[in-house]
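# Chains, contacts and geometry: an overview
Given next are the chains, with one letter for each unit.
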Amino acid sequence: MKALESAYGSQGLSVVAIDLDHDRQDAQRFLRIFQPNFAVIFDPAGTLAQRFKVMGMPTSVLIDREGKVRYQHVGFLLKQRAEYEQQVRDLLAQK
């Protein structure tokens, strides 16, 4: 996510991570080490996970400029990284 934000943030990509931890201190310790360059929202009640019908972690949701969910991925497979990145580029190319 850091790499995507760095590579495509200037083109309009906004990465937002949703943290579902119930213990915010645990999450904050992790974030101090990881130091994300994108927004992190705390949602211990799981409201956003329910809204986007998250079935597993991690889940990535790609939303277009109009606010429509275009792609959703459960898990992360390194061998599909190029495909994920292409989807980001395709969405950014749409005006």
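Further up the page is the structure itself.
In this report, the structure presented in the accompanying data block is examined. These numbers come from a predicted model, not from an experiment. (Residues numbered from 1 in each chain as written. Predicted model: local features only at pLDDT ≥ 70, side-chain atom pairs only at ≥ 80, totals over all residues. Heavy atoms only, no water.)

When its secondary structure is counted, the protein shows four helices and four strands. The order of α-helices and β-strands along the protein, N terminus first, is α-β-α-β-α-β-β-α. Its C-alpha atoms give the protein a radius of gyration of 14 Å, near enough to 12 Å, the size a compact globule of 95 residues would have. Overall, the C-alpha framework of the protein stretches about 40 × 30 × 25 Å when taken along its three principal axes. (Helix = DSSP H or I, 4+ residues; strand = E, 2+ residues; numbered from the N terminus. Rg over C-alpha atoms; globule rule 2.2 N^0.38 Å.)

The grouping of Val16, Ile18 and Ile41 at the surface amounts to a nonpolar patch, some 210 Å² of accessible area in total. If you trace the backbone, Ile41 turns up in strand β2 (residues 39-42). (Patch = residues over 30% accessible without salt bridge, like charges linked within 9 Å, V, L, I, M, F, W, Y side chains within 5 Å. Areas by Shrake-Rupley, 256 points an atom, 1.4 Å probe, with all protein chains shown as cover. Salt bridge = Lys/Arg side-chain N within 4 Å of Asp/Glu carboxyl O.)

Here we come to the nonpolar core. In terms of nonpolar packing, the biggest core is built from nine residues, these being Tyr8, Leu13, Val15, Ala17, Phe38, Leu62, Val88, Leu91 and Leu92. Ranked by residues supplied to this core, first place goes to helix α4 (residues 81-93) with three residues. Beyond its immediate stretch of four places on either side in the chain, Leu92 contacts Tyr8, Gln11, Gly12, Leu13 and Arg65. (Core = buried A, V, L, I, M, F, W, Y, C linked by side-chain atoms within 4.5 Å. Buried < 20%, exposed > 50% of the residue type's maximum accessible area, 1.4 Å probe, protein only. Contact = heavy atoms within 4.5 Å.)

Let us look at unusual backbone geometry. A cis amide bond, omega -10°, links Met57 with the succeeding residue Pro58. Relative to the helices and strands, Pro58 is located in the loop between α3 (47-51) and β3 (59-63). A positive phi is found at Lys53, a non-glycine position, where the angle reads about 55°. Turning to its location among the elements, Lys53 is positioned in the loop between α3 and β3. Here Lys53 falls in the exposed class, since its relative accessible area comes to 65%.

Let us now look at the pattern of salt bridges. Oppositely charged side chains may form a pair once their charged atoms are brought near each other. In the structure shown here, the tally under the stated rule is three salt bridges. Salt-bridge contacts for Asp64 lead to Arg70; the nearest nitrogen and oxygen are separated by 3.5 Å. Note on Asp64: relative accessible area 12%, which makes it buried. By relative accessible area, Arg70 is classed as partly exposed at 33%. Residues Glu85 and Arg89 are paired through a salt bridge, measuring 3.6 Å at the closest nitrogen-oxygen approach. With Glu85 and Arg89 both in helix α4 and four residues apart, the pair spans about one turn of that helix.

Let's shift gears to the packing of aromatic side chains. This model, assessed by the stated rule, comprises three aromatic pairs. Centre to centre, the rings of Phe30 and Phe34 are 5.7 Å apart; their planes meet at 20°, and the pair counts as stacked. With Phe30 and Phe34 both in helix α2 (residues 24-34), this residue pair falls four residues apart, about one helical turn. Aromatic rings pair up to connect Phe30, Phe34 and Phe38 into one cluster. One cation-aromatic arrangement involves Lys2 over Phe34; the distance from NZ or CZ to the ring centre is 5.2 Å. (Phe/Tyr/Trp six-rings, centres within 6.5 Å; stacked < 30°, edge-to-face > 60°. Lys NZ or Arg CZ within 6 Å of the ring centre and 35° of its normal.)

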